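Each chain, letter by letter, is given below.
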Amino acid sequence: MDNLSAMWSNTANSLKRLLYASWPCAVLLATFGIVGDFNGWWEERSFLTNMLSAICGALFGIPVALIFLQQISTQQALLIEKRRTVALARKVINNLKVAVESLSPSGMLIAEEKGVQVRKHSEELERYALDRATDIDMQKIRIECQEIVDSWSDLSVMPGNSAAHIINEMQQKWTYFNQEIYTRSMESEIDWIPVSLVNKFDKMMETLNSFNEVSEGSGLYFLEEEMYMGGRVSDDLKDSHPANIHQASRSLGVLARVLTAPKCAIDLLVEIEEYLPE
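Owing to the predicted nature of the structure, the values given are computational and were not obtained by experimental measurement.

Side note on the nonpolar core
It is characteristic of soluble globular proteins that their nonpolar side chains tend to be buried jointly.
Point 1. One finds Met170, Phe177 and Leu208 to be the most contacted residues of the largest nonpolar core, which totals 54 residues.
Point 2. Contributing elements (two or more residues each) for this core: helix H3 (46–101), helix H4 (108–130), helix H5 (138–150), helix H6 (152–155), helix H7 (161–187), helix H8 (195–211) and helix H10 (242–274).
Point 3. If one sorts the elements of this core by residue count, H10 sits on top with 14 residues.

A few points about H5
It helps to recall that an α-helix has 3.6 residues per turn; residues three or four apart then point in one direction.
Point 1. Taking 1.5 Å as the rise per residue, H5 with 13 residues should run 18 Å; its terminal C-alpha atoms sit 18 Å apart, in good agreement.
Point 2. Those residues of H5 that sit buried are Met138, Ile141, Glu144, Cys145, Ile148 and Val149. Viewed end-on, H5 has its buried residues packed into an arc of 140°, placing them on one side of the element.

Notes on the packing of aromatic side chains
Point 1. Within this structure, the stated rule accounts for 4 aromatic pairs.
Point 2. Residues Phe177 and Trp192 carry aromatic rings whose centres are separated by 5.1 Å and whose planes lie at 35° to one another, so their mutual orientation is tilted. With Phe177 in helix H7 and Trp192 in the loop between H7 and H8, the pair connects residues that are 15 residues apart, well separated along the chain.
Point 3. The buried category is assigned to Phe177, whose relative accessible area is 0%.
Point 4. Taken together through their ring pairs, the aromatic side chains of Trp174, Phe177, Tyr182, Trp192 and Phe201 make up a single cluster.

A look at empty space enclosed by the protein
Point 1. With the rule as written, the count across this model stands at 1 cavity of 30 Å³ or more.
Point 2. Put simply, the largest cavity is a space of about 30 Å³.
Point 3. If you go around the largest cavity, the residues you meet are Thr85, Val86, Ala89, Ile181, Ser185, Ile190, Trp192 and Leu276.
Point 4. Elements with a minimum of two residues in the lining of the largest cavity: H3 and H7.
Point 5. Per-element tally for the lining of the largest cavity: the top contributor is H3, with 3 residues.
Point 6. Split by residue class, the lining of the largest cavity holds 6 nonpolar, 2 polar and no charged.

Here we look at unusual backbone geometry
Point 1. Even without being glycine, Glu189 reaches a positive phi, approximately 60°.
Point 2. Its place among the elements puts Glu189 in the loop between H7 and H8.

Some words on the pattern of salt bridges
Point 1. In the structure shown here, the tally under the stated rule is 5 salt bridges.
Point 2. Here Glu273 makes a salt bridge to Arg90, at a shortest N to O gap of 3.6 Å. Pair noted here: Glu273 is in helix H10 and Arg90 is in helix H3, with a separation of 183 residues, a long-range link.
Point 3. Note on Glu273: relative accessible area 15%, which makes it buried.
Point 4. When the shortest N-O distance is used, the salt bridge between Lys173 and Glu169 registers 4.0 Å. Here the residue Lys173 and the residue Glu169 both occupy positions in helix H7, the gap between them amounting to 4 residues, near one helical turn.
Point 5. Judged by its relative accessible area of 23%, Lys173 is partly exposed.
Point 6. Bridged by salt links that share partners, the residues Arg90, Lys97 and Glu273 form one connected network.

A few points about the packing of H8 against H10
Point 1. Packing of H8 against H10 leaves a shortest axis separation of 10 Å and a crossing angle of 155°. Viewed along their axes, H8 and H10 adopt a mutual orientation that is roughly antiparallel. Handedness of the crossing formed by H8 with H10: left-handed. Residue-level inspection shows Leu197, Lys200, Phe201, Met204, Leu208 and Phe211 of H8 in contact with H10, the latter providing Arg257, Val258, Ala261, Cys264, Ala265, Leu268, Leu269, Glu271 and Ile272.
Point 2. Looking at the contact of H8 with H10 residue by residue, the classes come out as 12 nonpolar, no polar and 3 charged.

Calculation rules
Residues numbered from 1 in each chain as written. Predicted model: local features only at pLDDT ≥ 70, side-chain atom pairs only at ≥ 80, totals over all residues. Heavy atoms only, no water. Core = buried A, V, L, I, M, F, W, Y, C linked by side-chain atoms within 4.5 Å. Buried < 20%, exposed > 50% of the residue type's maximum accessible area, 1.4 Å probe, protein only. Helix = DSSP H or I, 4+ residues; strand = E, 2+ residues; numbered from the N terminus. Expected span 1.5 Å × (residues − 1). Arc of directions from axis to C-beta. Phe/Tyr/Trp six-rings, centres within 6.5 Å; stacked < 30°, edge-to-face > 60°. 1 Å grid on protein atoms, 1.4 Å probe; cavity = no way out; pocket = protein on both sides within 12 Å on 5 of 7 lines; lining within 4 Å. Points joined across faces, edges and corners; volume = space filled by probe spheres on them. Nonpolar A, V, L, I, M, F, W, Y, C, P; charged D, E, K, R; others polar. Salt bridge = Lys/Arg side-chain N within 4 Å of Asp/Glu carboxyl O. Axes fitted to C-alpha atoms, helices over the stretch in contact; angles between N-to-C directions. Parallel < 35°, antiparallel > 145°, perpendicular 65-115°, else oblique. Left-handed = near helix turned anticlockwise from the far one by under 90°. Contact = heavy atoms within 4.5 Å.

Laid out in structure tokens, this is it:
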């Protein structure tokens, strides 16, 4: 019953008017035909009888058939729009993936591996700052971190103008995905991505933007300062003030987040894509 009610509410007004006009006429013709049968009007008038019967059936059936055809056409158009919207959504997601991958020239997996390595050293320094009794190989940390800083251009394009261009393009594509395609998905009755996942990628975009921000004081990218601090890890730091060790740990932590961010972004995009219907 609900389906019939929905079908009627979606029927075009012109078809409704046709139905309102044709069915009363059909009832009149049917009544006229029945009366004629009882009075013998149609004897030896087979052609006229068939013609009136056909007209009566047409007045009853054609409007109903047109309503059903309209519903089929509407459903087909909705299905086509769904497919177009999903195809567009997948295209934008794929474009975002390509943009994210370009943030790591040597590849995201290599950058992530180096990021995990730097994060480990950051945590080691933090533990040592809190407890000097902790065993730590400062020379190993210094050598490995310096190698990463020296090869930074192969691991990440952030910070720099090329990164700013890539991130700006990503922001535009994500905004289009989250607004325009979202609106089209609602119109096409497509289940959208969970809000929690959308918020996660919003935060990821904020993080990527923050890595490429300019320091107001010096005009330098703040990440360059963190790279400078990360490269200053030295054997002397072992006997330095805890505040200096905390600073070195924090700088290495920033570098680790920069190196691992592209892989995290790709993982989120893959998760988003899984929510899109086939």
